[in-house]
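Commentary on secondary and tertiary structure
This is what each chain is made of:
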Amino acid sequence: WDFEAEAGQGAWSSEGCMYQGEDNGRYTCTYNHLTNFAVIFGFGDSEKPLELITIVGCVVSIICLVLTLLSFVIMPKHNRSAVKAHSKNQRLVLINLCVAMLAVLITFLVGINQTASPIGCKIAAALLHYFLLAALLWMSVEAVNIY
């Protein structure tokens, strides 16, 4: 994608693409670079509404996860004798899943604009990968525990 082409509107570029030939109706080309797919996400003024929607969605999700955690921490105290071992495990797995998802959202909100610092960017990326993997594994444990 060439951002400067067509008076700044942008257009596909054949720069770095080399035609190698044709064999039985198949054309072969080689490239010396990877393509920039950032064009998919839009330009200019369209970024602000998307950024606002993302932040609002994350904040709403954080609030709902905190309420879920509070309800699981506070509610079972009133009826402890009726809680079975399997129910305790399910409860614990769901609490851990909520904590992992909460960590993903908080890390995303704090780290999304840390691209100016290479170290901050790497830390945010590592934490996001870790917490997303933890959430995925807790979801797997939840699925095994249900069945």
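Residues numbered from 1 in each chain as written. Predicted model: local features only at pLDDT ≥ 70, side-chain atom pairs only at ≥ 80, totals over all residues. Heavy atoms only, no water.

Another point: the side chain of Glu142. Considering the arrangement of structural elements, one finds Glu142 in helix α3 (residues 118-146). Every residue in contact with Glu142, bar those within four places of it in the chain, is listed here: Gln90, Val93 and Leu94. (Helix = DSSP H or I, 4+ residues; strand = E, 2+ residues; numbered from the N terminus. Contact = heavy atoms within 4.5 Å.)

Turning to the environment of Val110, a few remarks are in order. Tracing the backbone shows Val110 in helix α2 (residues 85-111). Spatially, the C-alpha atoms of Val110 and Ala124 are 8.2 Å apart, while their sequence positions differ by 14 residues.

The subject of this paragraph is α3. Its 29 residues give α3 an end-to-end C-alpha distance of 42 Å, which sits within 8% of 42 Å, the value for a rise of 1.5 Å per residue. By the burial criterion, the buried members of α3 are Gly120, Ala124, Leu128, Ala134, Ala135, Glu142 and Asn145. (Expected span 1.5 Å × (residues − 1). Buried < 20%, exposed > 50% of the residue type's maximum accessible area, 1.4 Å probe, protein only.)

A separate point is the pairing of strand β2 (residues 26-31). Little of β2 is tucked away, with zero of its six residues classed as buried. The turn linking strand β1 (residues 17-23) back onto β2 is made up of two residues, and Asn24 within it adopts a positive phi angle of 55°. (Pairing = 2+ DSSP bridges.)

Despite not being glycine, Asn24 has its phi angle at roughly 55°, a positive value. As for its position among the elements, Asn24 is in the loop between β1 and β2.

Here we take up the environment of Val73. Take Val73: it is sitting in helix α1 (residues 47-74). Residue classification places Val73 among the partly exposed residues on the basis of a relative accessible area of 41%. Sequence spacing of Val73 and Arg91 is 18 residues, and the spatial spacing of their C-alpha atoms is 9.3 Å.

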